[in-house]
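Observations on the three-dimensional arrangement
The residues making up each chain are set out below.
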Amino acid sequence: MFNSGYQLKVIEGPGYGRILPLSTEEIRLGRAADAQEPCAPNHFVFFEGTVSRVHARLIWEDRSKVYHIQHLSKTNQTRVNEKVIQNQVLQLGDRIVMGKLILEVQKAPKADHIRSNILELPPVLKANSLLSKDEAEKAVLPANLCRELPADLAGRRLGPYQLIKELGRGSVGRVYLGRHASWDLTYAIKILAPEVIKDASVLQRFQMEAKVASSLRHPNIIQVVDICVSDGFVFLVMECLSPRSLQTLIDEYKRPFPNKRIITILEQLLSALEHAHGNGVVHRDVKPGNILIDESKDIIALTDFSIAKVKDGVRMTSTGVLLGTVEYMAPELFEGFSADPRTDMYAVGVILYELMTGIPPFRGRTTAEVVKSQLLTLPAHPKTYNPHVPDWLVELDFLLLQKNPEHRLSCARDVRNQLLAYSQTL
């Protein structure tokens, strides 16, 4: 039987105190014909005159394990947390307002697979994350950490998660496919390699990724659902979209992508960045390797917020240290300027160029040569490699690749709207 793990509670208005389990994938909300009309599992009714007969509905999104609320009434508003909405993802604690009726989104009993909106760190990590810079340099890592990762962790159990197979590995650790023992749900488990935890700053970046990604709820952003210290390991638990990245696809394809597929990928990436930037988060490392792709549905999702910059938050860099991937970094970052949404948009321009031509715009045999190219040279015209790319897409890309951030397209929403408008001509 379907069990979302969520419920609604009437906290103001008719039926005050009533609990409504969210146990179907689509639920309509509206006004009851009379005080005796009962609620059904897929149709909640309220005897309240300021609620429309067909007011709103909840739609379950299985990949992200969340409900969307869609406004349906032509005469009355639906608000979430005092904001008028048309379509919005619901989070724990959200308050749905329909006329004089207020419903609160709550976690259902025994739903331990549902996490709070802002991830709570394990106590041993929370203590480290609150240290000053001087204290962080002297910080003690969690006790009993494994000194090295075994050759293969498949088959091991970490806390409630059974590791099934390795999905990939990188400089900071490994990612495994895992299953929650109680709920039979599969996740991607990102295990931090003990040898890279040489000081508290690395562990803090790992914590930052967890906290940032868990606060962003969007279908094109990988959701972090848990962070654990268990059995000698520190690891993140993330939703599992696909083990394949856009970089893998580019490496295999080795030629320009079809125009319509470029639009599909870029539109979703811009939608993810619009959501992140709107919540004060700059990713700082947008690149094909951090974009997972489900090829069967052509869905992409942005991942790896470990070096993200949060508005009014802690910068996870130190003086003189470059964090990011130089081929996708905006020129101003090499000159010591702070990251903002324009730096992410520059990376989008680099990715767009690569999809249009099959090659990156800035290349070199060494990191220094790539940095020099980023700062001083202009890429070849995309039609040199792909005569079939439309002129408007080339123009859009050059506006994203402006070396001066003041001249660069900076708003993900505006770029996405332009992309969708022009794409109608394809």
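The preceding data block contains the structure.
Note that the coordinates shown come from a computational prediction; the quantities given were computed from them, not determined experimentally.

Moving on, we get to unusual backbone geometry. Generally, phi is negative for residues other than glycine and the peptide bonds are trans, each holding for most cases. For Lys-254, which is not glycine, the phi dihedral falls at a positive 55 degrees. Mapped onto the elements, Lys-254 comes out in the loop between helix H4 (246-253) and helix H5 (259-278). On the basis of relative accessibility, which here comes to 68%, the residue Lys-254 falls in the exposed class. Even without being a glycine, Arg-284 presents a positive backbone phi close to 80 degrees. Owing to a relative accessible area of 12%, Arg-284 belongs among the buried residues under this scheme.

This part covers the sheet that holds strand E12 (residues 157-158). Strand pairing in a sheet relies on backbone hydrogen bonds, with the paired strands running either antiparallel or parallel. Pairing is antiparallel across the open sheet formed by 6 strands, whose spatial order is E12-E13-E14-E15-E17-E16. Each edge of the open sheet is held by one strand with a lone partner, namely E12 and strand E16 (224-230). Pairing geometry for strand E15 (residues 186-192) and strand E17 (residues 233-239), over 5 bridges, is antiparallel. Its bridge partner being in E17, Ala-188 is matched across the sheet by Met-238.

Here we come to the environment of Glu-406. With respect to the helices and strands, the residue Glu-406 is situated in the loop between helix H9 (391-400) and helix H10 (412-423). Overall, Glu-406 belongs to the exposed group, its relative accessible area being 61%. The spatial distance from the C-alpha of Glu-406 to the C-alpha of Arg-342 is 8.7 Å, given a sequence separation of 64 residues. Separated by 3.2 Å, the side chains of Glu-406 and Arg-342 make a polar contact.

Attention now goes to the pattern of salt bridges. Tallied over the entire structure, the rule returns 17 salt bridges. With its nearest N and O atoms 2.6 Å apart, the salt bridge here joins Arg-416 to Glu-267. Taken as a pair, Arg-416 in helix H10 and Glu-267 in helix H5 lie far apart in primary sequence, 149 residues in all. In this structure, Glu-369 and Arg-365 form a salt bridge, with 3.2 Å as the shortest nitrogen-oxygen distance. Glu-369 sits in the partly exposed class, given a relative accessible area of 30%. Salt bridges sharing partners connect three or more residues here, namely Glu-267, Glu-274, Arg-413 and Arg-416.

Evaluation of the coordinates by the stated rule reveals 3 cavities of 30 Å³ or more. By volume, the largest cavity is sized at about 60 Å³. In this structure, the largest cavity is lined by Arg-284, Asp-285, Val-286, Thr-325, Tyr-328, Met-329, Leu-333, Thr-343, Asp-344 and Ala-347. Take the lining of the largest cavity: its biggest share by element is 3 residues, from helix H7 (residues 341-357). Residue composition of the lining of the largest cavity, grouped by class: 5 nonpolar, 2 polar and 3 charged.

Conventions and cut-offs
- Per chain, the residues get numbers from 1 upward, laid out in the order the sequence is written.
- Note on the predicted model: pLDDT of at least 70 is required for a residue's local features to be given, and 80 or more for side-chain atom pairs to be given and counted; whole-chain, interface and lining totals, by contrast, use all residues.
- The side-chain numbers reported here are obtained from all heavy atoms of the structure, hydrogens and water having been left aside.
- A run of H or I in DSSP becomes a helix once it reaches four residues, and a run of E becomes a strand once it reaches two; helices and strands are each numbered from the N terminus.
- A 1.4 Å probe rolled over the protein chains alone gives each residue an accessible area, and that area as a share of the maximum for its type sets the label: buried under 20%, exposed over 50%, partly exposed in between.
- Only strands joined by at least two bridges in the DSSP assignment are considered to pair.
- Polar contacts here mean pairs of N or O atoms no more than 3.5 Å apart (in protein, one a potential hydrogen donor and the other a potential acceptor; neighbouring residues in sequence count only if both atoms are side-chain atoms).
- A pair is scored as a salt bridge if a Lys or Arg side-chain nitrogen falls within 4 Å of a carboxyl oxygen belonging to Asp or Glu.
- Cavities and pockets are defined on a 1 Å grid built over the protein atoms alone: a cavity is a set of grid points where a 1.4 Å probe fits but cannot escape, while a pocket is an open set with protein on both sides within 12 Å along at least five of seven lines, and lining residues are those with an atom within 4 Å of any such point.
- Grid points are joined across faces, edges and corners, and a volume is the space filled by probe spheres set on the points.
- Each residue gets one label: Ala, Val, Leu, Ile, Met, Phe, Trp, Tyr, Cys and Pro are nonpolar, Asp, Glu, Lys and Arg are charged, and the others, such as Gly, are polar.

By themselves, these figures tell us nothing about what the structure is for.
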